[in-house]
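Working through the structure, step by step
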Amino acid sequence: MSTLRISQLAERTGFPASTLRFYEGAGLLRPGRTAAGYRVYGEESVERLAFIRAAKNLGLPLEEIAEVLGVRASGACAEVRTKLRPRIAARLVGSRERVAELGLLIADLERTLDHLDALPDSGEPCTSDCCPGHPSPVEAEAGDGGDSEAATCACGGEAGGADQAERWREAPVACALTGAAREERAERWREAVRGAVRLPLPEGLRLTLPAARTAELAALAAEEQRCCPFFDFRLHLDGPELHFEVRAPQEGTEVLEELFGPCS
């Protein structure tokens, strides 16, 4: 039976060696050892990694992937299907919910563009007249009595004041995730931005990727802000490309580079 060193497995599957070591620590891979102590992998590891990649592309967390792999290694195909199906169904429900949210966002963006295109050219200073001013369906239902997010001005200012625009600067630089959960999130980011064209920015960087990755990155960014609110994420769709910008205060640079790589 042919065996592969970790560098050969990385080249064969496209996973970095660091990720393979992490998967080993998480129990997803079980390499053998040579007499000299080097890791060696068989063809079954190539198959396991193909399954892991497919499951990750469907949005399954590593904990659930490990459970399914355990059944897959010792059980019948029907058992794997029984284990896998409810997880895929749950991801489908969540994805449909995100699609609905993105539909509302798209409608709001289209209304805003129509509003901006209808504005006359003016050499006067920017005023509230250049702001979108068209509430989203959710805001419209809420009425005029509730608080709402500040509308972004066409010239880059904020109608609601700088305090709302710069919340991330005031957030504590601390991550609520620890241990395996934090490493899993980092691995999801590494996979999501693989192959991106990088451009350093003040306090962060811009990653340019295919626009097809927009939904995945938007969902990851929303998750990330729940545990690390000191990040500032911005998504700019430019035809077939997505410009994904991420920033953090100086104290958060180490965490930013842990997830997205060097900013310089």
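Structure's up top.
Note that the structure is a prediction, hence the values are computed from the model and not measured.

Describing empty space enclosed by the protein
Counted according to the given criterion, the structure contains one cavity of 30 Å³ or more. Volume-wise, the largest cavity comes out at about 40 Å³. Taken together, Cys175, Leu177, Arg182, Arg185, Glu224, Cys228, Val255, Glu258 and Leu259 make up the lining of the largest cavity. Contributing elements (two or more residues each) for the lining of the largest cavity: helix H9 (179–192) and helix H11 (253–260). Broken down by element, the lining of the largest cavity gets its largest block of residues, three residues, from H11. Tallied by class, the residues present in the lining of the largest cavity amount to five nonpolar, no polar and four charged.

Remarks on the sheet that holds strand S5 (residues 232–238)
A sheet is described by the order of its strands in space; here four strands give the open sequence S3-S4-S6-S5, paired in antiparallel fashion. The strands lining the two open edges of the sheet, one partner per strand, are strand S3 (197–201) and S5. When strand polarity is set aside, the average angle formed by the axes of neighbouring strands in this sheet is 20 degrees. Sheet topology places strand S4 (residues 204–210) next to strand S6 (residues 241–247); seven bridges connect them, and they run antiparallel. What sits directly across from Pro210, in S6, is Glu241. Across the face of the sheet, helix H10 (residues 214–227) comes into contact with S4, S5 and S6 while running at roughly 170 degrees to S5.

Structural notes on the side chain of Thr214
Within the fold, Thr214 resides in helix H10. What Thr214 contacts, discounting residues up to four positions off in sequence, is Leu235, Leu237 and Leu242.

What counts, and where the lines are drawn
Residues numbered from 1 in each chain as written. Predicted model: local features only at pLDDT ≥ 70, side-chain atom pairs only at ≥ 80, totals over all residues. Heavy atoms only, no water. 1 Å grid on protein atoms, 1.4 Å probe; cavity = no way out; pocket = protein on both sides within 12 Å on 5 of 7 lines; lining within 4 Å. Points joined across faces, edges and corners; volume = space filled by probe spheres on them. Helix = DSSP H or I, 4+ residues; strand = E, 2+ residues; numbered from the N terminus. Nonpolar A, V, L, I, M, F, W, Y, C, P; charged D, E, K, R; others polar. Pairing = 2+ DSSP bridges. Axes fitted to C-alpha atoms, helices over the stretch in contact; angles between N-to-C directions. Contact = heavy atoms within 4.5 Å.

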